[in-house]
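Now for the letters of each chain:
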Amino acid sequence: MRQFRIHISKGVFLEGDATNILIDPLVLPSKRPDLVLVSHAHSDHYTPGVLRRISSTGVRIFMSTASRMIIDPKKRLKNVVEINPGEKIESEKFTVEAFDAGHIIGSLQFRIELADVTFVYTGDFNLEKRIILEPAKPLSSDVLLIDATYGLPVYVFPKRQEIYSQLLSLVREKGSDREIALKARKLGVAQEVTALLSMATDLPVLVEPEIAVYNEIYEKFGEILGRYAINNNPSRGAPFVARLSRKFPRGIQSIPLTGWAMKNGIPLSSHGDFKQIIDYVRRSSPDIVIPVCGFREELSSYLLGEHGFSTANGEEIILNL
Ligand SMILES: [Zn+2]
């Protein structure tokens, strides 16, 4: 019998007999980890000060090259090791392999082998083909730690092509003679919208400077976003890609693009929707599913009730396998 403890609260602490792995930490852990994994560069998956403190004690922090460019552009953090899809960290006690998570530039999912048990940590993921990025592929697992951001059946989004068509017809219809702002998360959906508008319309595309910084990183890693101009304000006849949080005066048509805007916007998200979560779980075929982030309990109940999967919840999980 092998025992593992998993602590989930502002990060995931996976504790085996011989190895402790900390993933996506927002706070300092109570025990020293042997290594830290950062899945991607969204700020709800790491705290800069926490990474600084942990790395200064000699613990190695693994993240992709693109994540590092965003999280630690001046390379001030100590003990950072870059790991990219297809690469492995191997020791006598554990193996960690990185895979593309298809969520944002440089996003990773991890397959972790500890005492002959295969853990998969999906991080935020997306399985759908889009105009940029490669989709993630589900990984088989014994224990699946899966993102449950949209872990409720109500969060089923239309197919990407339908969302793209809806967005493009709205921009063509309204955007040719008035100011129109498309509000998106500045790292993720904003780059997808830039690429879509620049490649599928003849309109000049304007991008807010705060977003353009991330556009450049996507382009550095080979993503094609097309032609756009950097501007701080919207202009008539030119769709404007802006931050989700930005407020606009009444005369400007503003459309939020996020999975949370199913009624008052367009549900374009970098996350997989509920259907993708279920699809991932079925294809991963785990012995136990542990939802991480979002609707953890609700997803657990659904997976157990509708599909008969064993699930675990709460802050402290003890697994005897
Ligand atoms: Zn994310």
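Just so we're clear, the structure is a prediction, and the values are computed from it rather than from any experiment.

Peer 1: Teacher, can you tell me more about the coordination of the zinc ion here?
Peer 2: For a metal with four tetrahedral donors the ideal donor-metal-donor angle is 109.5 degrees, while six octahedral donors give ideal angles of 90 or 180 degrees. For the zinc ion, the full set of protein donor atoms is His-40 (NE2), His-42 (ND1), His-103 (NE2) and Asp-124 (OD), at a range of 2.1 to 2.2 Å. Between the 4 donor atoms coordinating the zinc ion, the angles at the centre fall across 90 to 164°, so the site counts as irregular. Every donor residue of the zinc ion comes from the same chain, spaced as H-x1-H-x60-H-x20-D. Taken together, the residues His-42 in the loop between strand E4 (35–37) and helix H1 (48–55) and His-103 in the loop between strand E8 (94–100) and strand E9 (108–114) connect sequence positions 61 residues apart. Take His-42 and His-103: they sit in the same class, and that class is buried.

Peer 1: I would appreciate a short explanation of the sheet that holds E9 in the present structure.
Peer 2: Hydrogen bonds between backbone atoms are what pair the strands of a sheet, whose relative direction is either parallel or antiparallel. Read from one edge of the open sheet, 7 strands run E7-E8-E9-E10-E11-E17-E18, paired in mixed fashion. The open sheet has two free edges, formed respectively by strand E7 (88–90) and strand E18 (310–311), since each of these has just one partner strand. Looking at chain direction, E9 and strand E10 (residues 117–121) are connected through 5 bridges and run antiparallel. Residue pairing across strands places Leu-114 opposite Val-117, the latter belonging to E10. Along the sheet, helix H6 (residues 274–284) makes contact with E9, E10, strand E11 (143–148) and strand E17 (288–294), crossing E11 at roughly 170°. The sheet contacts of helix H7 (residues 296–307) involve E11, E17 and E18, and relative to E17 the element is tilted by about 150°.

Calculation rules
Residues numbered from 1 in each chain as written. Predicted model: local features only at pLDDT ≥ 70, side-chain atom pairs only at ≥ 80, totals over all residues. Heavy atoms only, no water. Donors = N, O, S within 2.8 Å, 3.2 Å for Na, K, Ca; no water. Tetrahedral: all angles 85-135°; square planar, octahedral: opposite > 155°, others 65-115°. Helix = DSSP H or I, 4+ residues; strand = E, 2+ residues; numbered from the N terminus. Buried < 20%, exposed > 50% of the residue type's maximum accessible area, 1.4 Å probe, protein only. Pairing = 2+ DSSP bridges. Contact = heavy atoms within 4.5 Å. Axes fitted to C-alpha atoms, helices over the stretch in contact; angles between N-to-C directions.

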